[in-house]
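Letter by letter, the chains look like this.
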Number of protein chains: 2
Amino acid sequence: MSVTITSVEVHDVRFPTAARGDGSDAINRGDYSATYVELGTDAGAVGTGFTFTNGRGNEITCAAVRALAHHVEGRTVEEIAAEPVAFWRSLSADVQLRWLGPEKGVIHMATGALVNAVWDLRARIAGKPMWRFLAELPTDELVASIDFKHITDALTPDDAAAILDKGRDGLADRLSTLERDGFPSYTTSVGWLGYPDDKVRALTRQAYDDGWRAMKMKVGGPLADDLRRARIIRSEIGPDALLMMDANQVWDVDEAITAMTALAEVDPYWIEEPTHADDILGHARIARAVDELTGGRCRVATGEVAANRVIFKQLLQAEAIGVMQIDACRVGGVNEVLAELLLAAKFGVPVCPHAGGVGLCEYVQHLAIFDYLRVGAALDGRMIEYVDHLHEHFVDPVRTRGGRYLLPDRPGYSATMNPSSIAEFRFPDGPAWR
Amino acid sequence: MSVTITSVEVHDVRFPTAARGDGSDAINRGDYSATYVELGTDAGAVGTGFTFTNGRGNEITCAAVRALAHHVEGRTVEEIAAEPVAFWRSLSADVQLRWLGPEKGVIHMATGALVNAVWDLRARIAGKPMWRFLAELPTDELVASIDFKHITDALTPDDAAAILDKGRDGLADRLSTLERDGFPSYTTSVGWLGYPDDKVRALTRQAYDDGWRAMKMKVGGPLADDLRRARIIRSEIGPDALLMMDANQVWDVDEAITAMTALAEVDPYWIEEPTHADDILGHARIARAVDELTGGRCRVATGEVAANRVIFKQLLQAEAIGVMQIDACRVGGVNEVLAELLLAAKFGVPVCPHAGGVGLCEYVQHLAIFDYLRVGAALDGRMIEYVDHLHEHFVDPVRTRGGRYLLPDRPGYSATMNPSSIAEFRFPDGPAWR
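Scope of this entry: the structure provided in the associated data block. Computed from a predicted structure; not experimentally measured.

**Here we look at the packing of helix α13 (residues 309-317) of chain A against helix α14 (residues 333-347) of chain A**
All names here are of chain A. Viewed as axis vectors pointing N to C, α13 and α14 meet at an angle of 5 degrees, and their least axial separation amounts to 10 Å. When the axis of α13 is compared with that of α14, the two are roughly parallel. Along its contact with α13, which presents Arg309, Phe312, Lys313, Leu316 and Gln317, the element α14 presents Glu336, Ala339, Glu340, Leu343, Ala344 and Phe347. By residue class, the composition of the contact of α13 with α14 is six nonpolar, one polar and four charged.

**Here we look at the state of the cysteines**
Residues and elements named next belong to chain B. Counted by the stated rule, this structure contains zero disulfides over all chains. Free of any disulfide, cysteine 352 has its nearest neighbouring cysteine sulfur in cysteine 298, separated by 13 Å. Under the relative-accessibility criterion, cysteine 352 is labelled buried at 0%. There is no disulfide at cysteine 361, and the cysteine sulfur nearest it, in cysteine 329, is 11 Å away.

**Some thoughts on the packing of aromatic side chains**
Two aromatic rings, taken as a pair, are described by how far apart their centres are and by the angle between their planes. Residue and element names in this part refer to chain A. As enumerated under the stated definition, the model contains 26 aromatic pairs over all chains in all. Here tyrosine 32 and phenylalanine 52 contribute two aromatic rings whose centre-to-centre distance is 5.1 Å and whose plane-to-plane angle is 85 degrees, an arrangement assigned as edge-to-face. Pair noted here: tyrosine 32 is in the loop between β1 (5-14) and β2 (33-41) and phenylalanine 52 is in strand β3 (residues 46-53), with a separation of 20 residues, a long-range link. Each member of the pair, tyrosine 32 together with phenylalanine 52, is buried.

**Some words on the relation of the copies chain B and chain A**
Relative to chain A, chain B is turned by 180 degrees and slid 0.0 Å along the rotation axis, the superposed coordinates differing by an RMSD of 0.0 Å. Put plainly, the chains are arranged around a two-fold axis. Measuring from the rotation axis to each C-alpha of chain B, the shortest distance belongs to glycine 105 of chain B, at 2.6 Å. Taken as a fraction of all interface residues of chain B, those also at the interface in chain A reach 100%, which identifies the copy contact as same-surface.

**A short note on the sheet that holds β3 of chain A**
Residues and elements named next belong to chain A. Across the sheet, three strands lie side by side as β1-β2-β3; this open sheet has antiparallel pairing. Two strands in the sheet have a free side with no partner beyond their single neighbour: β1 and β3. Mean inter-strand twist for the sheet, computed between neighbouring axes without regard to direction, equals 15 degrees. Judged from the eight bridges that link them, β2 and β3 form a sheet pairing that is antiparallel. The residue of β3 that forms the bridge with tyrosine 36 is phenylalanine 50. Its contacts with the sheet put helix α1 (residues 58-68) on β1, β2 and β3, and the angle it makes with β1 is roughly 175 degrees. Against the sheet, helix α4 (residues 105-126) contacts β1, β2 and β3, and its axis sits at roughly 150 degrees relative to β3.

Rules behind the numbers
- Residues numbered from 1 in each chain as written.
- Chains lettered and ligands numbered in written order.
- Predicted model: local features only at pLDDT ≥ 70, side-chain atom pairs only at ≥ 80, totals over all residues.
- Heavy atoms only, no water.
- Axes fitted to C-alpha atoms, helices over the stretch in contact; angles between N-to-C directions.
- Helix = DSSP H or I, 4+ residues; strand = E, 2+ residues; numbered from the N terminus.
- Parallel < 35°, antiparallel > 145°, perpendicular 65-115°, else oblique.
- Contact = heavy atoms within 4.5 Å.
- Nonpolar A, V, L, I, M, F, W, Y, C, P; charged D, E, K, R; others polar.
- Disulfide = S-S within 2.5 Å.
- Buried < 20%, exposed > 50% of the residue type's maximum accessible area, 1.4 Å probe, protein only.
- Phe/Tyr/Trp six-rings, centres within 6.5 Å; stacked < 30°, edge-to-face > 60°.
- Least-squares fit on C-alpha atoms with pLDDT ≥ 70 in both.
- Pairing = 2+ DSSP bridges.

Keep in mind these numbers describe shape, not what the thing actually does.
Dropping the structure here:
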């Protein structure tokens with residue numbers, strides 16, 4: 001039975017988070033927003049996807065979705081599934097629109113929203129949550145979904161097939177583990193820069209009591225403030241829990257090394273985005289310095305604004321990262337994420353997906369679970385970021401227990417917002433913005 | 001006398017070039033377009049700037065200009081000139097819009113259009129062409145115009161000041177040389193992929209007769225076709241003229257090395273964009289291979305889609321390029337170009353700006369001239385790209401003689417379009433598009 005995508009609708013949805021200081025860090029202070037896509041079909045099934053933005057400018061990614069929509073409207077799910085790379089390239093390598101990236105920024109984020117909506121549709125038609133839909137795909141279909149263009153010097157289709165075939169071994173056992181325990185995660189809700197010390201202490205204590213044993217704080221303010229806040233968190237969580245730090249690109253390379261020389265005192269587990277997201281060589285230098293400073297206890301993490309698979313490829317080739325933080329919708333959706341998960345596996349670097357924002361937790365839980373079941377095949381060092389914001393706007397929100405994600409079980413990519421939330425927060429005409 | 005910017009207007013201007021095959025290469029086939037910005041002031045003076053796009057999606061960069069315009073409207077030229085980095089960061093590091101890049105793609109191209117319009121306004125108020133306005137700025141004002149954030153590991157303010165101070169020596173002599181001879185250039189009009197062999201031969205012969213001694217062809221089609229076309233051009237221009245090749249990112253790293261092993265036969269002077277624009281490590285590998293293949297005669301060139309100064313910094317640090325091809329409006333306008341010119345000088349790599357498209361020749365002539373007068377201070381290996389398209393739409397079009405650019409002498413950045421062209425080609429309501 002053929003399913004034709006008959007409509008592409010896009011909504012500009014914004015939540016007024018800036019005023020509360022949630023999501024404030026060294027670089028960003030935004031109204032968490034989504035460029036939200038709904039695909040209609042002639043078979044009743046729908047697909048939804050989105051890309052996350054930070055408030056102002058969400059209308060630009062919406063415009064980019066409209067510019068790309070003609071590559072999606074009128075296509076059948078069957079022909080997309082039969083030639084997934086051809087479909088992906090129709091968006092990512094459009095002969096006119098590619099100039100606006102290429103494969104980065106607004107145009108690539110819009111690609112991600114549309115591509116994810118198509119995958120959501122496919123998983124819903126199959127009646128499976130996305131993680132299961134992906135984990136049960138034959139190796140050749142997964143490999144055929146990946147555009148190896150510009151990454152064959154690091155990962156070939158044969159490499160990918162070997163990893164995915166090997167990933168079948170023990171899959172049922174790993175699934176049982178997840179069904180029993182859930183997926184490990186960490187929380188970022190304790191240490192935003194906008195929060196006063198008392199709030200940081202109270203949130204840390206609450207998170208620890210709730211079962212979290214890994215917490216992330218923002219750094220990149222005055223170094224003395226960063227250190228004071230870090231000591232508060234460390235004193236609350238004791239020596240064994242993990243404390244991660246996120247600088248959101250605020251430092252130059254040498255500043256990052258200087259800062260980490262001081263912050264090493266509180267035994268950080270990783271330093272995230274220590275410098276500009278495009279600076280592969282800079283991250284590599286920082287990684288070597290941090291490794292030396294901490295005797296290998298601290299690693300460099302990045303990825304939430306890494307533009308595409310070519311950037312991730314190089315971060316791995318240069319040994320610049322010890323943790324890879326894929327984002328579900330900054331890159332070109334599920335197809336490109338598959339390439340990134342396989343690159344990470346090839347280089348032996350654990351993936352800890354970036355979440356928070358709007359709906360990112362909902363998205364990436366599927367990717368992390370698939371990674372564990374079929375690609376990385378180990379839990380060592382793997383955690384999903386968790387931020388306790390805005391889940392109430394989703395039809396199938398994440399569920400956690402004792403600091404772990406429970407397996408989502410409804411069909412699709414968990415990307416569907418409540419119609420009432422869309423109506424309330426649609427910009428600029430929703431009641432929340434009037 | 002204070003000048004306040006009172007209005008920011010943006011026009012979506014598109015020229016229907018796709019149908020003719022002009023501008024066709026291995027990746028792009030577009031309707032050359034401009035996101036065109038006009039700044040009005042309370043003093044009568046105006047400023048114009050634009051960013052170049054490839055047709056579809058020009059409405060997206062227009063939307064991005066509108067999202068950024070509030071950082072420009074209401075500012076005085078004096079306060080911008082007094083704190084140029086603060087102004088630049090108000091656009092490039094807007095706490096909400098930065099997420100859409102950061103510093104790349106649509107949002108950064110829009111920044112470039114606005115920033116260039118402000119520089120055009122400043123030069124016009126000073127009554128000088130942009131190259132002269134920049135060349136005559138005191139060193140400290142130039143240094144104060146550069147955001148060194150994220151590049152201090154390669155170029156410090158002191159490094160920049162030393163280069164710019166040294167650039168005063170002999171400046172008058174270099175200016176006399178340019179006034180007498182013009183600025184060297186090369187032509188890209190002979191070998192677009194869309195052209196048949198006969199047209200390539202005829203255009204090559206014509207260009208040679210017109211005085212050009214450096215020509216660029218597109219490669220990245222079937223290798224046999226590339227080689228056949230290259231032989232045609234080489235046979236027409238003889239062994240001494242320069243033949244450059246441009247692959248527009250179509251190859252993977254190993255494919256690039258294989259292709260250049262064959263194409264080395266025609267003694268290419270550079271291979272441009274051999275692989276994905278973000279692949280610094282890949283370019284470095286190709287550069288080493290090409291150097292070995294050609295005994296150092298051929299170098300790697302890139303830059304037209306390099307997103308920002310951090311990418312250029314790394315291309316230089318990794319010794320990945322022997323020619324740096326800055327673009328005037330993909331990066332964040334004059335301020336960021338200054339950083340890039342100084343990085344190139346620090347690393348001893350010549351700058352050959354990317355031109356063509358709409359108005360890029362008009363823009364970059366000023367940058368190349370300033371580079372020669374005050375930064376690089378030598379002509380060795382320096383050429384401006386020349387493409388003979390669409391100049392008729394500009395009020396102050398480039399002028400060439402015998403394959404060299406003549407010095408522009410009207411105040412400003414030569415970025416102003418004829419009102420009749422804007423009216424005719426405005427999308428979608430201009431007569432050309434109705």
